[in-house]
Amino acid sequence: MTVASSSAPHALAQYRAEFPIFDHRIYLNSCSLGALSRRSRVWVTRFLDEWERRGAAAWYDVWWERLDELRRGYAAVIGAGAHEIALHASVSTATGVLGSCIDYSRRPKVVTTELDFPTVAYQWLAKRPSGIELVVVESPDGVTVPPDLIRRAVDERTALVATSHVFFTTGAIQDIRAVAEAAHAVGAYCFIDAYQSVGQLPVDVRESGVDFLCAGGLKWLLGGPGITFLYVRDELIPSLRPQVTGWFANEGQFGFDIRDLRFHADARRFEQGTPSLAAVHAQLGGLELVAEIGIPRIRDVVSALTEDLVARAMEAGFRPRVAPTSQTRSAIVMLPDERPEAQVARLAERDIVADSRPGHVRLSPYFYNTVEDHAAALEILST
Ligand SMILES: Cc1ncc(COP(=O)(O)O)c(C=O)c1O
């Protein structure tokens, strides 16, 4: 059933009131930055109050525990254990540390796809002077990458397949289990950039069998910028020793011994330095909401909203560049347009927040959106 088939509010419509931006605007850009919730504001205010009243004293009995709470919260949304989660400031820093753990001597090849977010590929492009080869698998239709093409690109010289769960370029959902199987069949690791999926889609690291996975607050987990995580499958943790690191990775962190670096036994060995506490708190608020609603319910509503948006866009004469089926689509809807920046500016004049990418207007609804938001945006875009 699509949302379009009913004018009744959807099952999560009451949560819109959690997001004050809708008092002033229609927000349709969650794949860039999730909207700020009242919940996150409460958490950040709590942190600011503690900082103001207690200063650094709050580290020991409050903030340290919140880092653990966040690791547990991230673990819960991907079916992992908290000991498999390392906190990071961005996907780039997390991937940088991960890339520094791998022995490329007999496996110099890393496989990625042309639809992935470039910061992941850059980690290995930057290692080209030391002999790393980055293989970029092309997408035949510009929307998806069939797992068979990944299977054909990997071999016994491949160290890692690094690709996305949801492509930021098209919203298409990749079969990450098939990707992991392709990597493992040749003895390579599988790293998934799930920044565009965790929150809007159920993700189960055990079921998918991936080795490493990254996601964070910016988009669908409603935590804002500055906080991400790296999942590392627990059997792999002891064998991986980062060469890009920091004092948070050291089990003897508070010994302050300059000659002593002993990595944590758990995934904290992949951390670096002091996390941004404001971001940590914003994320705790976002995770609280996501956990309260439940990701399967979010997926149901957001999938119906996506289908509604695609159907309305087609009705309005657009040919959305999206994956072929509702099961393989997510809430990133690309509308080909000759002047996307001008269209986004026209929407902004009417207090509708959208975005553009080369040749496309990009609309991305979340559970706080309604079909009326879609209608309002498309009315402007199609005139
Ligand atoms: C799939 C994906 N990966 C990574 C990033 C960003 O990486 P970083 O956290 O390093 O800025 C984005 C967008 O911001 C993204 O869409």
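Let us look at the structure shown here. (Residues numbered from 1 in each chain as written. Predicted model: local features only at pLDDT ≥ 70, side-chain atom pairs only at ≥ 80, totals over all residues. Heavy atoms only, no water.)

## What about the pairing of strand β5 (residues 158-164)?
Regular strands place their side chains on alternate faces of the sheet.
Piece 1. Counted residue by residue, β5 has seven buried out of seven residues, so it is predominantly covered.
Piece 2. With three bridges joining them, strand β3 (residues 109-113) and β5 adopt parallel strand pairing. The residue of β5 that forms the bridge with Val-110 is Leu-160.
Piece 3. With five bridges connecting them, β5 and strand β6 (residues 189-193) associate as parallel partners. Counterpart to Ala-162 in the pairing with β6 is Phe-191. (Buried < 20%, exposed > 50% of the residue type's maximum accessible area, 1.4 Å probe, protein only. Helix = DSSP H or I, 4+ residues; strand = E, 2+ residues; numbered from the N terminus. Pairing = 2+ DSSP bridges.)

## A few points about the packing of helix α1 (residues 38-54) against helix α2 (residues 57-78)
What describes two packed helices is the angle between their axes and the distance between those same axes.
Piece 1. Running from N to C, α1 and α2 cross one another at 155°; their axes reach a closest spacing of 9 Å. Considered as vectors, α1 and α2 are oriented roughly antiparallel to each other. Taken as a pair, α1 and α2 cross one another with a handedness that is left-handed. Touching Trp-43, Arg-46, Phe-47, Glu-50, Trp-51 and Arg-54 of α1 are Ala-57, Ala-58, Asp-61, Val-62, Trp-63, Arg-66 and Glu-69, all from α2. (Axes fitted to C-alpha atoms, helices over the stretch in contact; angles between N-to-C directions. Parallel < 35°, antiparallel > 145°, perpendicular 65-115°, else oblique. Left-handed = near helix turned anticlockwise from the far one by under 90°. Contact = heavy atoms within 4.5 Å.)

## Some remarks on helix α6 (residues 176-185)
Piece 1. Of all the residues in α6, the buried ones are Ile-176, Ala-178, Val-179, Ala-180, Ala-182 and Ala-183.
Piece 2. If you follow the buried residues of α6, they end up packed against α5 (147-153), β5, β6 and α7 (205-208).
Piece 3. N-cap assignment for α6: the residue whose side-chain oxygen lies 3.2 Å from the backbone N of Arg-177 is Asp-175.
Piece 4. Gly-187 occupies a position one or two residues after α6 and carries a positive phi of about 80°. (Polar contact = N/O pair within 3.5 Å; in protein donor to acceptor, adjacent residues only side chain to side chain.)

## Quick look at the site of the ligand
Piece 1. Close to the ligand lie Ser-90, Val-91, Ser-92, Phe-117, Thr-119, Phe-168, Asp-193, Tyr-195, Gln-196, Leu-218 and Lys-219, which account for all nearby residues.
Piece 2. Take Gln-196: an N or O atom from its side chain is 3.0 Å from an oxygen atom of the ligand.
Piece 3. In this structure, Lys-219 approaches the ligand through a side-chain N or O atom, which is 3.0 Å from an oxygen atom.
Piece 4. Computed on the free molecule, the ligand has an accessible area of 400 Å², of which 84% lies beneath the protein chains in the complex.
Piece 5. When its residues are assigned to classes, the shell around the ligand shows five nonpolar, four polar and two charged. (Near = heavy atom within 4 Å. Areas by Shrake-Rupley, 256 points an atom, 1.4 Å probe, with all protein chains shown as cover. Nonpolar A, V, L, I, M, F, W, Y, C, P; charged D, E, K, R; others polar.)

## Things to note about the nonpolar core
Piece 1. Counting 79 residues, the largest nonpolar core has Ile-78, Leu-213 and Phe-367 as its most contacted members.
Piece 2. Considering every element that reaches this core, the biggest residue donor is α2, with ten residues.
Piece 3. Other than its neighbours up to four places away in sequence, Ile-78 contacts Ile-85, Val-198, Val-203, Asp-204, Val-205, Leu-213, Phe-229 and Tyr-231. (Core = buried A, V, L, I, M, F, W, Y, C linked by side-chain atoms within 4.5 Å.)

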